[in-house]
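Single-letter residue listing:
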Amino acid sequence: MAQPLEERFPRPAVVGVLNVTPDSFSDGGAHVDPAVAVAAARRMVAEGAALVDVGGESTRPGSHGVTADEELRRVVPVLEQIAGELPVSIDTAKAEVARRALELGAVLVNDVTALRGDPELAGVVAEHGAYLCLMHMRGEPRTMQDDPRYDDVVADVKRFLEERLAFATASGIAAERIALDPGIGFGKTVDHNLELLARLDELTALGRPILVGASRKRFLGRVLGDPEALTGPATASVAAALVAYHGGASLFRVHDVREHVEALAAAAAHEWAAA
Ligand code: HH2
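Since this is a predicted model, take the numbers as computed values, not measurements.

**Some points on the overall build of the protein chain**
In step 1: Check the secondary structure of the protein chain and you find eleven helices and eight strands.
In step 2: A globule of 275 residues ought to have a C-alpha radius of gyration of about 19 Å, and the protein chain, at 17 Å, matches this closely.
In step 3: Each principal axis of the C-alpha atoms in the protein chain carries an extent, and together these give about 40 × 40 × 40 Å.
In step 4: Each of the 275 residues in the protein chain was classed as buried or not, and the buried ones make up 53%.
In step 5: The contacts of the protein chain with a sequence gap of at least 6 include a subset with a gap of at least 24, amounting to 68%.
In step 6: Element-wise, carbon and sulfur atoms account for 52% of the exposed surface of the protein chain, whose accessible area totals about 11300 Å².
In step 7: Side chains of the protein chain give 27 positive and 40 negative charges; the mean places of these two sets differ by 1 Å.

Here it is, written out as structure tokens:
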């Protein structure tokens, strides 16, 4: 029996973002050459990443999806080189892409639709005994930032994650292999994102490791005073990760690996000293 997720990726675990896309919001186009992507993945692991999250489809606000063929064309050449050698997750909502990635050695499926996008995906994850991340998103990327509203964003996200966790386990995926993610920036205003980070302990109460992806997201640029910002800086990303860590988050999906590994290692040392 494979290890529970919290043992395989002990807190704090940094997940490096590797977007093999022409259009991702902060690193679009940087890794379309497989050789460049492979070098970036190796660097992330050398800098302390516990996992490299490979994605072939942008989910930035306003984006349209790509076909499974296009996604495979982007990620397979990279996965062929790194998935047997490095700890890799696949950022996809498509069963076909997940299956190929798992066959090539990926260990976790990161699904921003929380098993709502492709009815075949749960079966693929269960069959491979893969780890899984279930993320909250309001609507879909194309429309999610059109005036998002919640009664209570934290309570709504918690209810959603609880329901998707129950769906996943009912589909044959062991709860101990699952992480949950509030989906920072996915159908949320600046205030929604800040409130989720501030009240993260209410989500850790669900009993599964929480993954947070605040890295470089636009709300951080907006917090710093630019109302039109489309990204945020690494410094503010590290601050958000530390707030999330303090709230009990376990995994941190980030673009700037070394900065986060160092900051989180220092935060962990403070936490141990205070315990
Ligand atoms: N954010 C993005 C993509 N995938 N997965 C999880 N679990 N959590 C997140 O917060 C998350 C995610 C968006 O960031 P990025 O991959 O950098 O951009 P894009 O979607 O434009 O490729």
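There is more to say after this.
**Describing helix α10 (residues 234-246)**
An α-helical turn contains 3.6 residues, so any two residues separated by three or four positions project in the same direction.
In step 1: Between the first and last C-alpha of α10 there are 18 Å, a value that for 13 residues agrees with the 18 Å anticipated at 1.5 Å per step.
In step 2: Listed in full, the buried residues belonging to α10 are Ala236, Ser237, Val238, Ala240, Ala241, Ala244 and Tyr245.
In step 3: Just downstream of α10, Gly248 is the residue with a positive phi angle, here 110°.

**Observations concerning the packing of aromatic side chains**
In step 1: Here the structure, examined in full by the defined rule, presents two aromatic pairs.
In step 2: Just above the ring of Phe167 sits the side chain of Arg164; from NZ or CZ to the centre is 4.4 Å.
In step 3: A cation over an aromatic ring shows up here: Arg177 above the ring of Tyr131, its NZ or CZ 4.3 Å from the ring centre.

**Looking at the site of the ligand**
In step 1: Taken together, 19 residues lie near the ligand, and Ser24, Ser58, Asn110, Asp181 and Lys217 sit nearest.
In step 2: Contacts to the ligand include Ser58, whose side-chain N or O atom sits 2.7 Å from an oxygen atom.
In step 3: A distance of 2.6 Å separates a nitrogen atom of the ligand from a polar side-chain atom of Asp181.
In step 4: Contact with the protein chains covers 98% of the free accessible surface of the ligand, which is 480 Å².
In step 5: Those elements that provide at least two residues to the shell around the ligand are β1 (13-19) and β5 (131-135).

Rules and cut-offs
Residues numbered from 1 in each chain as written. Predicted model: local features only at pLDDT ≥ 70, side-chain atom pairs only at ≥ 80, totals over all residues. Heavy atoms only, no water. Helix = DSSP H or I, 4+ residues; strand = E, 2+ residues; numbered from the N terminus. Rg over C-alpha atoms; globule rule 2.2 N^0.38 Å. Buried < 20%, exposed > 50% of the residue type's maximum accessible area, 1.4 Å probe, protein only. Contact = heavy atoms within 4.5 Å. Areas by Shrake-Rupley, 256 points an atom, 1.4 Å probe, with all protein chains shown as cover. Lys, Arg positive; Asp, Glu negative; His and termini not counted. Charge placed at Lys NZ, Arg CZ, Asp CG, Glu CD. Expected span 1.5 Å × (residues − 1). Phe/Tyr/Trp six-rings, centres within 6.5 Å; stacked < 30°, edge-to-face > 60°. Lys NZ or Arg CZ within 6 Å of the ring centre and 35° of its normal. Near = heavy atom within 4 Å. Polar contact = N/O pair within 3.5 Å; in protein donor to acceptor, adjacent residues only side chain to side chain.

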